[in-house]
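Architecture at a glance
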Amino acid sequence: MSFDRRARIEHMRNADRARERRNRVLAISLSVLVVAGLVGFGSYLVLDKSEASEKKRDAQAQDAKAPGTDPKKSADGPIAGLKTWDAKTLTRNHVTTPVTYPMKPPVGGDHNPVWMNCDGEVYKKAIPDVNAVHSLEHGSVWVTYTDKASDADVAKLAERVGRTPYTLMSPYEGQAGTIMLSAWGNQVTVDGADDPRVDRFFAKFVQGPQTPEPGAACTGGLGAQ
């Protein structure tokens, strides 16, 4: 074989090896770009979903406070029959022993260190007073009812509570009214789910100015037993 022929063959082999190296580099680069793109897109979806969920939650909280009405006007309106207690007389000690409250349901006083979950929680059974009072301290509204309440009223109130953060609902035998709404230091008996005082009470007292610990947690506490 002549020198020129060997040289041409070697030159062709070198060209093939160079082309293979370029192809490998190109394939690796494309793989890196694809992976980076997928990671970036996945991060975008997670962040976008989180932001959307937060916006939806905020919107639900605002809408639920006074649906179909001006929240400020609703909160400023009078609430006929509202009973109030001096906040200075409502002690706030954490205790692990039973507490006897002067009102049913209680609207404040010493309470258990663990709150009832109150992020729109609808309880089918009675809940402990000492845990519910802790939820009121966090700015929650507690809806209670007796077995005299109509199924329609209970269902409508449960739907309202279920979409309203910082609220909870439970049956409560022994209370004076058929349906009662309680917040820290405040309480009213209403005629039914459509009573306009329900809107006013929610608008005024869900995380309202009466709240001893505004913004405190309403999850991570005691749930249904």
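Below is a summary of the structure that appears in this document. Given the structure is predicted, the values throughout are model-derived calculations rather than measurements.

Reading the values: the criteria
Residues numbered from 1 in each chain as written. Predicted model: local features only at pLDDT ≥ 70, side-chain atom pairs only at ≥ 80, totals over all residues. Heavy atoms only, no water. Helix = DSSP H or I, 4+ residues; strand = E, 2+ residues; numbered from the N terminus. Buried < 20%, exposed > 50% of the residue type's maximum accessible area, 1.4 Å probe, protein only. Contact = heavy atoms within 4.5 Å. Phe/Tyr/Trp six-rings, centres within 6.5 Å; stacked < 30°, edge-to-face > 60°. Lys NZ or Arg CZ within 6 Å of the ring centre and 35° of its normal. Core = buried A, V, L, I, M, F, W, Y, C linked by side-chain atoms within 4.5 Å. Salt bridge = Lys/Arg side-chain N within 4 Å of Asp/Glu carboxyl O. Pairing = 2+ DSSP bridges. Right-handed = clockwise from strand over helix to strand, strands pointing away. Disulfide = S-S within 2.5 Å.

Attention now goes to the side chain of Thr146. Turning to its location among the elements, Thr146 is positioned in the loop between β3 (141-145) and α4 (151-162). Thr146 gets classed as buried once you look at its relative accessible area, which sits at 10%. Discounting residues that sit within four places of it in the chain, Thr146 has contacts with Tyr172, Glu173, Gln175, Gly177 and Thr178.

Attention shifts here to the packing of aromatic side chains. Inspection of the entire model under this criterion finds two aromatic pairs. Ring plane angle 55° and centroid distance 4.6 Å describe the contact between Phe201 and Phe205, whose orientation is recorded as tilted. Note that Phe201 and Phe205 are positioned in helix α5 (residues 196-205) at a spacing of four residues, about one turn of the helix. Exposure class is identical for Phe201 and Phe205. Each is buried. The aromatic ring of Phe202 is capped on one face by Arg160, whose charged end is 4.4 Å from the ring centroid.

In this structure, Val141, Val143, Met169 and Phe201 are the most contacted members of the largest nonpolar core, which totals 39 residues. Put simply, the parts of the chain that give this core at least two residues each are α3 (129-137), β3, α4, β4 (167-171), β5 (179-183), β6 (186-190) and α5. Sequence-distant contacts of Val141, defined by excluding residues within four places in its chain, comprise Tyr166, Thr167, Leu168, Ser182, Ala183, Phe201, Phe202, Phe205 and Val206.

In this section: the environment of Ala203. With respect to the helices and strands, Ala203 occurs in helix α5. As for Ala203 and Gly77, which are separated by 126 residues in sequence, their C-alpha atoms are 9.7 Å apart.

The final tally for this structure, using the stated rule, is seven salt bridges. Between Arg92 and Glu137 there is a salt bridge, and its shortest N-O distance comes to 2.7 Å. With Arg92 in the loop between β1 (83-84) and β2 (119-122) and Glu137 in helix α3, this residue pair connects regions lying 45 residues apart in the sequence. On the accessibility criterion, Glu137 (1% relative accessible area) is buried. Between Asp199 and Arg160 there is a salt bridge, with the nearest N and O atoms lying 2.7 Å from each other. Note that Asp199 is positioned in helix α5 and Arg160 in helix α4, a separation of 39 residues in sequence. We classify Arg160 as buried; its relative accessible area is 7%. Counted as one network, the salt bridges with shared partners bring together Arg92, Glu137 and Glu213.

Turning our attention to the environment of Val95. Along the polypeptide, Val95 turns up in the loop between β1 and β2. Classification of Val95 by relative accessible area gives buried; the value is 19%. Along the primary structure Val95 and Val114 are separated by 19 residues, whereas in three dimensions their C-alpha atoms are 9.8 Å apart. The contacts of Val95, once residues within four sequence positions are left out, are Asp110, His111, Asn112 and Pro113.

Another point: the pairing of β3. Within β3, five of the five residues are buried, leaving the element largely enclosed by the surrounding structure. Neither face of β3 is exposed, since Val141, Val143 and Tyr145 on one face and Trp142 and Thr144 on the opposite face are all buried. Of the strand pairs in this sheet, β3 and β4 are connected by five bridges, and their pairing is parallel. Bridge pairing in β4 places Val143 opposite Met169. Taking the sense of rotation as the criterion, the β-α-β connection linking β3, α4 and β4 turns out right-handed. Taken together, the four bridges between β3 and β5 define a ladder with antiparallel strand orientation. Bridge pairing in β5 links Val143 to Leu181.

Before going further, it helps to spend a moment on the state of the cysteines. Scanning the model with the defined rule gives one disulfide in all. Across the disulfide from Cys118 sits Cys218; the S-S distance is 1.6 Å. Taking the sign of the S-S torsion, -100° for the link of Cys118 and Cys218, the bridge is left-handed. Placement of the pair is Cys118 in the loop between β1 and β2 and Cys218 in the segment after α5, with a sequence separation of 100 residues. Each member of the pair, Cys118 together with Cys218, is buried.

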